[in-house]
Amino acid sequence: MMKNLYEMKGIIFDLDGVIVDTAKYHYLAWRELADRLGFEFTPEHNERLKGVSRDRSLEILLEVGGMAGEFSAAEKHAMATEKNERYVAYIRDLKQDEMLPGSRELLLELRKHGIKIGLGSASKNAPEILDKLGITELFDVIVDGNATQHAKPDPAVFLLGAQAMGIDPADCIVFEDAQAGIEAALAAGMTPIAVGCPTQLTGAEVYVKDLQEVLMCDEKPHLSR
């Protein structure tokens, strides 16, 4: 599989946990909201939020605090907004060196090979993050939480990406670090590559620690051919 990476027509990347570690800022913002509501929100609880929309993440957080069903839609909207404002304040100072190992280099190699590159992320802040990292121009297509109301594991974000790139889903690889994202890629008819631990993620074609491992893979084709 890795051997044919540069022969694919399109590759779609998730953002948080694959290209950059903004997940830590999401966690801090959710934890601050939980603190205000009066309960503990741990890193273990936060694992349930990976790849999940903001609204669903709030529902999970309230379930953790034993507060599910206690708030009106307007109150929940206000809490989600509060959390996002805290998160945006954190990423305002995001630096380019916070990109995860191999991510920038792999994007550049894919560009050299003329492969279409898409972003498929649940984050509504994806454009701002890409601008902060200085990599917006490396993507042909950006599909984020503003483009669809259907969160992963629904395949909408990936199908929209393939459609915008003009590529058949079967000709796309997806790099994901969340179970919901892997399931979304499979539902879209794409090939998922998991970035993370095989014991925590199932259903992927290949597992890698990070994108640096993709670049260093022994089966990687010679880029000069």
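Up top is the structure these notes are about.
The notes below deal with the structure included here. (Residues numbered from 1 in each chain as written. Predicted model: local features only at pLDDT ≥ 70, side-chain atom pairs only at ≥ 80, totals over all residues. Heavy atoms only, no water.)

1. A closer look at the pairing of strand 4 (residues 172-176)
Taken residue by residue, a regular strand's side chains alternate between the two faces of the sheet.
Here's step 1: Counting buried positions over the five residues of strand 4 gives five, a clear majority of the element.
Here's step 2: The side-chain alternation of strand 4 yields two buried faces, one formed by C172, V174 and E176 and the other by I173 and F175.
Here's step 3: When strand 4 meets strand 5 (residues 191-195), the two strands line up parallel, connected through four bridges. Bridge assignment links I173 to a residue of strand 5, and that residue is T191.
Here's step 4: The parallel pair strand 4 and strand 5 is bridged by helix 8 (residues 179-187), and the resulting crossover is right-handed. (Buried < 20%, exposed > 50% of the residue type's maximum accessible area, 1.4 Å probe, protein only. Helix = DSSP H or I, 4+ residues; strand = E, 2+ residues; numbered from the N terminus. Pairing = 2+ DSSP bridges. Right-handed = clockwise from strand over helix to strand, strands pointing away.)

2. Concerning the pattern of salt bridges
Here's step 1: Counted according to the given criterion, the structure contains 13 salt bridges.
Here's step 2: D171 is paired through a salt bridge with K9; the nearest N and O atoms lie 3.7 Å apart. Placement of the pair is D171 in the loop between helix 7 (156-165) and strand 4 and K9 in the segment before strand 1 (10-13), with a sequence separation of 162 residues.
Here's step 3: As a salt-bridge pair, E82 and R86 come within 3.0 Å of each other at their nearest N and O atoms. Of this pair, E82 and R86 both sit in helix 4 (residues 73-91), separated by four residues, roughly a single helical turn. (Salt bridge = Lys/Arg side-chain N within 4 Å of Asp/Glu carboxyl O.)

3. Quick look at the sheet that holds strand 1
Here's step 1: On the basis of which strands lie adjacent, the open sheet formed by six strands has the order 3-2-1-4-5-6 and parallel pairing. The strands lining the two open edges of the sheet, one partner per strand, are strand 3 (141-143) and strand 6 (206-208). Each adjacent strand pair in this sheet contributes to an overall mean axis angle of 20 degrees, direction not counted.
Here's step 2: Relative to strand 3, strand 2 (residues 116-120) runs parallel, the two being bridged by three bridges. Pairing of G120 across the sheet is with V143, part of strand 3.
Here's step 3: Of the strands in this sheet, strand 1, strand 2 and strand 4 are in contact with helix 5 (residues 103-112), which crosses strand 1 at around 160 degrees.
Here's step 4: Packing against the sheet, helix 8 makes contact with strand 4 and strand 5, and its axis sits at approximately 165 degrees to strand 5. (Axes fitted to C-alpha atoms, helices over the stretch in contact; angles between N-to-C directions. Contact = heavy atoms within 4.5 Å.)

4. Side note on helix 8
An α-helical turn contains 3.6 residues, so any two residues separated by three or four positions project in the same direction.
Here's step 1: Listed as buried for helix 8 are A180, G181, I182, A184 and A185.
Here's step 2: Check the buried side of helix 8 and you find it contacts helix 7, strand 4 and strand 5.
Here's step 3: The positive-phi residue at the C-terminal boundary of helix 8 is G189, with phi of around 80 degrees.

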